[in-house]
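# Examination of the molecular architecture
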Amino acid sequence: MPSLKWRSLAVVCAVASAAASVLIATPAHADGTLRGHAAERGKFIGAAIATGPLANETAYRNIASTEFSQITAENAMKWESTEPNDNQYTFTGADQIVNFATQNNQQVHGHTLVWHSQTPGWVQGLSATNMRAAMNEHIATVVGRYANNATVVSWDVVNEAFNEDGTFRQSFWFNTLGQSYIADAFRAARAADPDARLCINDYNVEGINAKSTAMFNLVQSLRSQNVPVDCVGFQSHLAIQFGFPNDIQQNLQRFANLGVQVRITELDVRMQTPRTAAKDTTQAQYYTNVINACNAVTACAGVTIWGFTDKYSWVPDTFSGEGFALIYDNNYAIKPAYTAVHNALDGGTPTDTTPPTTPGTPTASNVTSTGATLSWTASTDSGGSGLAGYNVYREQGATDPQLGTSTTNSITLTGLTANTQYQVYVRARDGAGNLSGNSALVTFTTTTGGGTDTTPPTTPGTPTATNVTSTGATLTWTASTDSGGSGLAGYNVYREQGATDPQLGTSTTNSITLTGLTANTQYQVYVRARDGAGNLSGNSALVTFTTTGGGTGGACTVVATTQNTWNNGYVIQPVTVTAGGAPITSWTVTFTLPAGHTISGSWNTVLTVSGQTVTAKNVGHNGNLPAGGSGNFGFQGARPNGNTALPTGYTCTTP
């Protein structure tokens, strides 16, 4: 028999539709709320909620209460928020979330109890005996506080235990306690609340891969030992440029077959900036796919979106040059992603049977011996499922082979045969799979190939620089042409720097967005075109621009503390960053690893490694520091056995 708390999940879903109409009027942009449609399917639809805007913004509160039947505290229930110092608890933020959910007939998913990140330094330096005791006491106190509260129905007990290759993450938990910390944490949580649903949660486990298989094997093993793992959470931080995990439904089902509940816990779909209509369409399709996968698996309880408005998304602070990951924009206007979630949940939405309009006649450019670029006037879709993309076919009689697909109104074909005529047409497709009529044909003939082209392309026009920031800039120039037969292949972009000019990037179009530049620095940049035979044009004229200073306003200092060392590794925690006499909004720490050392884990930072130089940048919650204020991060290093060296040369800047 399900427990009282587990039955309350169904109660929340059952009252969600009626509750929404009592709380606030049905929004004009849809025929019902997300939570109402989710309830009709027996699912929840959730969002991660931040305490700041929840307290201060009416629009944020209205959407959070009206559209979602489940909420997860974005940060307020993590260890650093609830027990920043040993046995000194604060539940102000956590209680705010729980009280809001109670008032709005929502369930709360507790996030998270045992994690390598956002855990205070005092925990990470404990001995094995004291660390296990601290973990058990923390779980007993935090979970126990809400054990008799019907609103708090589930917990992420252990978060992100695996590396990408399926091995256990070498966190301070694992290095100090071994794999047993996972089972111990679940048993402590069950003792603190016998009725709560207990989950293990991780990222990049949506599809079937080494990491998700390791998770599968662990859950299977733990349950065979009567460890109370009740559910598995799939974070699902997706990005349109990396493709969709098309086996997500199959993966959810294989976990469900173990007898556990499954759920999507932290869904967002980021894109590279700038945001475009085509990217919005792809993003919406990803949201549709995830909701459909959960709908198709009975044991999938629901989907939680990690936030709901781009205004407060974690993505831009973590992934440079990326963002727009959520279903509302910065101004709380709905995006195509919202409509996609709504329609995927709405079981009563009529099936879209209206195909998109026929694309315009394609034009061919950059024709080489093995490829060509096609572009066409975009289609439109009025059937409700949205334009999903295009299929490109070769006209070849009874059977027309598909040459490729695209989510935009252009495509670069590759793998073509030299000296061959192609007749090609395009068909648009929508989210329901309807195909448009065939576009008119474009006819082109690939070049002869053979490497006989020795004529370089014409010199590109003088670049212009726009959107200059502390770390990047966008350059555009007049396109080159190529008459040698191998076709224009793209452009190389260089910095003028004396005897040796470093290449800053390449592009297949007459524009590029440069990243990774140094703040407050002058750049002189030129462009060279290249053709399919490798010939390079002359240098374009120079464009000169200066990156901004970063706008953080003040200086910073850094002090690194060695917490623990052993024969082949060490933990450096905390690495404390302190603002100078003025506030800062971000920081960058660099340091040097001794020869043979590598980074095996980090927390509260975004790390990149180039050779032996490590660059650590703040994440969203620890970069904005008042004058004299401090933030911290930590990392774990691996080194050759017996090597006693440690990282050196810590410096802090505010780019």
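Quick note: structure is the one above.
A brief look at the structure comes next. (Residues numbered from 1 in each chain as written. Predicted model: local features only at pLDDT ≥ 70, side-chain atom pairs only at ≥ 80, totals over all residues. Heavy atoms only, no water.)

Glancing now at the overall build of the protein. Tallying secondary structure elements over the protein gives 15 helices and 32 strands in all. Computed over its C-alpha atoms, the radius of gyration of the protein comes to 27 Å, within 12% of the 26 Å expected for a compact globule of 655 residues. Its C-alpha atoms give the protein principal-axis dimensions of roughly 75 × 65 × 45 Å. For the protein, the residues scored as buried account for 50% of the 655 residues in total. Sequence separation of at least 24 residues holds for 73% of the intrachain contacts in the protein that already meet a minimum separation of 6. (Helix = DSSP H or I, 4+ residues; strand = E, 2+ residues; numbered from the N terminus. Rg over C-alpha atoms; globule rule 2.2 N^0.38 Å. Buried < 20%, exposed > 50% of the residue type's maximum accessible area, 1.4 Å probe, protein only. Contact = heavy atoms within 4.5 Å.)

The full count for this structure, using the stated rule, is nine salt bridges. In this structure, the salt-bridge partner of Glu164 is Lys211, at a minimum N-O distance of 2.7 Å. A residue pair is termed long-range when its members are at least 10 positions apart, and Glu164 in the loop between strand E4 (152–159) and helix H9 (172–177) and Lys211 in helix H11 (residues 210–224) qualify at 47 residues. A salt bridge links Lys211 to Asp202, with the shortest nitrogen-to-oxygen separation between them at 3.3 Å. For the pair Lys211 and Asp202, a shared accessibility class is recorded, and that class is buried. Connected through salt bridges with shared partners, the residues Glu164, Asp202 and Lys211 form a single ionic network. (Salt bridge = Lys/Arg side-chain N within 4 Å of Asp/Glu carboxyl O.)

The subject of this paragraph is the state of the cysteines. Taken as a whole and assessed by the stated rule, the structure comprises three disulfides. Sulfur-sulfur distance for the disulfide between Cys199 and Cys231 comes to 1.7 Å. Here the disulfide of Cys199 and Cys231 is right-handed, its torsion about the S-S bond being about 105°. Here Cys199, found in strand E5 (residues 197–202), pairs with Cys231, found in strand E6 (residues 231–234); they are 32 residues apart in sequence, far enough to count as distant. Bridging Cys556 to Cys652, the disulfide has an S-S length of 1.9 Å. Measuring handedness by torsion sign, the sulfur bridge of Cys556 and Cys652 sits at about -105° and is left-handed. Of this pair, Cys556 sits in strand E25 (residues 556–566) while Cys652 is found in strand E32 (residues 648–653), placing the two residues 96 residues apart along the sequence. You can call Cys556 buried: its relative accessible area is 10%. Numbered by position along the chain, the disulfide-linked cysteines of the protein connect as 1-2, 3-4, 5-6. (Disulfide = S-S within 2.5 Å.)

Now for the nonpolar core. Formed by 99 residues in total, the largest nonpolar core has its most connected members in Ile45, Trp155, Val158, Trp173, Tyr287, Phe308 and Ile327. Per-element accounting of this core gives the leading share, eight residues, to helix H10 (residues 180–192). Other than its neighbours up to four places away in sequence, Phe308 contacts Ala47, Ile49, Tyr60, Ile63, Ala64, Phe68, Leu326, Ile327, Tyr328 and Tyr332. Of all hydrophobic cores here, the second largest spans 18 residues; its members include Val575, Val577, Trp587 and Leu625. (Core = buried A, V, L, I, M, F, W, Y, C linked by side-chain atoms within 4.5 Å.)

Here the focus is the side chain of Ser379. You can see Ser379 is positioned in the loop between strand E12 (372–375) and strand E13 (387–394). Of the polar contacts made by the side chain of Ser379, one reaches the backbone oxygen of Thr357; its length is 2.7 Å. Dropping the residues within four chain positions of it, Ser379 is found in contact with Pro356, Thr357, Thr358, Pro359, Leu387, Tyr390 and Ala428. (Polar contact = N/O pair within 3.5 Å; in protein donor to acceptor, adjacent residues only side chain to side chain.)

Let us now look at the sheet that holds E32. Spatial ordering of the open sheet is given by E29-E30-E27-E32, a layout of four strands whose pairing is antiparallel. Both edges of this open sheet fall to strand E29 (606–610) and E32, since each of them pairs with a single strand only. Strand-to-strand twist in this sheet, taken as the mean axis angle between neighbours without regard to direction, amounts to 20°. In the sheet, strand E27 (residues 588–592) pairs with strand E30 (residues 613–617) via five bridges, with the strands oriented antiparallel. Along E30, the bridge assignment pairs Phe591 with Val614. (Pairing = 2+ DSSP bridges. Axes fitted to C-alpha atoms, helices over the stretch in contact; angles between N-to-C directions.)

Strand order in the open sheet formed by four strands is E25-E26-E31-E28, with antiparallel pairing between adjacent strands. The open sheet is flanked by E25 and strand E28 (598–603), the only strands paired with a single partner. Within the sheet, the average angular offset between the axes of one strand and its neighbour, ignoring direction, is 25°. Across nine bridges, the pairing between E25 and strand E26 (residues 569–579) is antiparallel.

Glancing now at the environment of Ala378. Following the sequence through the fold, Ala378 ends up in the loop between E12 and E13. Relative accessible area serves as the criterion here: at 42%, Ala378 is assigned to the partly exposed category. Taking the C-alpha atoms as reference points, Ala378 and Ser486, 108 residues apart in sequence, are found 28 Å from one another. Sequence-distant contacts of Ala378, defined by excluding residues within four places in its chain, comprise Tyr390 and Asn409.

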